[in-house]
Amino acid sequence: MKAYLDNAATTPLHPKVKAAMWEVIDEFGNPSSIHAWGRRTRILIEKARTAIAEMLGVSPGEIFFTSGGTEAINTAVYGAVIDRGVRTIITSPIEHKAVLKSAARAQALRPDVHIHYIQHHPDGAFDLDHLHDLLKKAPRGKTLVALMHANNEVGILNDAAAVSALAQQYEALFLCDTVQTLCHTPFQLPELGAHYAACSAHKFHGPKGVGFFYMNKEAKINPLIHGGAQERGMRAGTENVPGIVGLHKAFEIGMEALRTRPDHLLRLRNHMRDRIRALFPEATIWESDNGAVLPTVLAVSFPLNEKTEMMQMRLDMEGVAVSAGSACTSGAAQRSHVLDALNAPKDIVPLRFSFGDLTTFDEVNYAVEALQKILA
Ligand code: PLP
């Protein structure tokens, strides 16, 4: 038996996504060509755009296919600074590096850009009073609020609508990183009130290297990638047609799963949480104070000792894939910037179990048994 519980890192392709991609694999026409070959692939792309826009309650003209979440986020950050005159970026130290590093780079290129980091409540939720204070001092019409919908490491789901209400009050633009929430929590984009949002297909059983950038039509910016007129001039480069078809299918399946079995992911998560609580009282489980969690993520930490050190590797040897809430650089595990920013103690072993639509209760139970074996 094996258990793949690292779905927040990436998910396996859904068999129906694979079939949909396979069906179009020989459609090689360039979507920009006007002949029949090109028209066929153009139709596939526009079908995907229209369907995704409809599922999200936005207009197809607001969806631009990209290579994934990182590109979408970079497009928004650079565009806000270069095209919308943004000089203040309000973000959080627990954002994905795509936000943190593009903001830092924008500042390096334009030293009059200031970056402010909001504080958090102990559970990891954004301190909206602090956001309010920062917005009061920020220049109106020249500020970007870049705050994520849910955190990928600790699984806290933020109140994006409240962030957007504050941003609007102070005429700030709002970039909401929705990479971990699309197809995992039910919402339509207008509810979030974001000007910009990001999607990555490989987080919900779609292919890697494809996603989209959402840009509200009121908050136009210029492209990040220049060249041809693809994506209505907003993203140059010949489109990844099978990838976009796969994204379309994965989106359809993900949204349908949310509608027909809305609690599936949360049940998996809470089942694992309850078993860990019952069996390992020494474990600390990351929970939100108001119950707003990302159903795909369960962040747990164990006190550091001779049994728990190398836990991720030992689980791997048992056939259980998890993330250690840390990035590996040249073989040496580095502590996560998120846990540091949230002041998590140093003498812990963090583990992130994450679930997808294809995860089974058997896998969760097997992972718990593996933990029992390691910690016995
Ligand atoms: N934002 C969040 C919250 C993520 O978890 C990820 C992926 O790990 C990204 C952005 C980047 O997405 P992509 O892998 O498509 O570049």
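Residues numbered from 1 in each chain as written. Predicted model: local features only at pLDDT ≥ 70, side-chain atom pairs only at ≥ 80, totals over all residues. Heavy atoms only, no water.

Glancing now at the domain arrangement of the protein chain. Taken domain by domain, the protein chain comprises domain 1 (3–12 + 263–375) and domain 2 (15–257). Distance from the C-alpha centre of domain 1 to the C-alpha centre of domain 2: 27 Å. With 29 residues of domain 1 at the interface, the matching set in domain 2 holds 30 residues. Roughly 2,400 Å² of surface becomes buried between domain 1 and domain 2 when both sides are summed, with 57% attributable to carbon and sulfur atoms. (Domains from an automatic or database assignment. Contact = heavy atoms within 4.5 Å. Buried area = accessible area lost by both parts, 1.4 Å probe.)

It is worth spelling out the pattern of salt bridges at this point. In this structure the tally under the stated criterion is 21 salt bridges. Among the salt bridges present, the one from Arg110 reaches Asp112, with a minimum N-O distance of 2.9 Å. Shared partners join several salt bridges into a network, and the residues in it are Arg42, Glu46, Arg49, Glu231 and Glu239. (Salt bridge = Lys/Arg side-chain N within 4 Å of Asp/Glu carboxyl O.)

All right, on to the confidence of the model for the protein chain then. When pLDDT is averaged along the protein chain, the result is 96, and 98% of the positions lie at 70 or above. In this model, residues 327–332 is a region of pLDDT below 50 whose contacts with residues beyond four sequence positions or in other chains number five contacts. (pLDDT = per-residue confidence, 0-100.)

Another point: empty space enclosed by the protein. Enumeration over the complete set of coordinates arrives at one cavity of 30 Å³ or more. By volume, the largest cavity amounts to about 40 Å³. The wall of the largest cavity is formed by Phe64, Thr66, Glu71, Thr75, Phe213, Leu224, Ile225, Met234 and Arg235. For the lining of the largest cavity, the secondary-structure elements that each account for two or more residues are strand E2 (63–66) and helix H3 (69–83). A breakdown of the residues in the lining of the largest cavity according to their chemical character gives five nonpolar, two polar and two charged. (1 Å grid on protein atoms, 1.4 Å probe; cavity = no way out; pocket = protein on both sides within 12 Å on 5 of 7 lines; lining within 4 Å. Points joined across faces, edges and corners; volume = space filled by probe spheres on them. Helix = DSSP H or I, 4+ residues; strand = E, 2+ residues; numbered from the N terminus. Nonpolar A, V, L, I, M, F, W, Y, C, P; charged D, E, K, R; others polar.)

Read from one edge of the open sheet, seven strands run E2-E8-E7-E6-E5-E3-E4, paired in mixed fashion. Two strands in the sheet have a free side with no partner beyond their single neighbour: E2 and strand E4 (114–117). Averaged over all neighbouring strand pairs, the angle between strand axes comes to 20°, with direction disregarded. Looking at chain direction, strand E7 (residues 196–200) and strand E8 (residues 211–215) are connected through five bridges and run antiparallel. (Pairing = 2+ DSSP bridges. Axes fitted to C-alpha atoms, helices over the stretch in contact; angles between N-to-C directions.)

For the rest of this paragraph, the subject is a nonpolar patch on the surface. There is a patch of nonpolar side chains on the surface, built from Met310, Met313 and Met317 and spanning about 350 Å² of accessible area. Along the polypeptide, Met313 turns up in helix H10 (residues 311–317). (Patch = residues over 30% accessible without salt bridge, like charges linked within 9 Å, V, L, I, M, F, W, Y side chains within 5 Å. Areas by Shrake-Rupley, 256 points an atom, 1.4 Å probe, with all protein chains shown as cover.)

All of the buried residues in helix H5 (residues 128–137) are His130, Leu131, Leu134 and Leu135. In a view along the axis of H5, the buried residues occupy a sector of 140°, so they form one face of it. Turned more than 90 degrees from where H5 packs its buried face, Asp129, Lys136 and Lys137 sit exposed. Against the buried residues of H5 lie strand E3 (88–91), E4, strand E5 (143–146) and helix H6 (160–169). Measuring from the side-chain oxygen of the N-cap residue of H5 to the backbone nitrogen of Asp129 gives 3.0 Å; that N-cap residue is Asp127. (Buried < 20%, exposed > 50% of the residue type's maximum accessible area, 1.4 Å probe, protein only. Arc of directions from axis to C-beta. Polar contact = N/O pair within 3.5 Å; in protein donor to acceptor, adjacent residues only side chain to side chain.)

Where E3 and E4 come together, four bridges link them in parallel fashion. Residue Ile90 lies in a different strand from E4, and its bridge partner there is His116.

Right, let's get into the site of the ligand. The environment of the ligand is formed by 13 residues, the closest being Gly69, Thr70, Asp177, Ser200 and Lys203. For the ligand, an oxygen atom lies 2.5 Å from a polar atom in the side chain of Thr70. The contact in question runs from a nitrogen atom of the ligand to an N or O atom on the side chain of Asp177, over 2.6 Å. When the free accessible area of the ligand is taken as 390 Å², the share hidden by the protein chains comes to 85%. No other element matches the three residues that H3 contributes to the shell around the ligand. (Near = heavy atom within 4 Å.)

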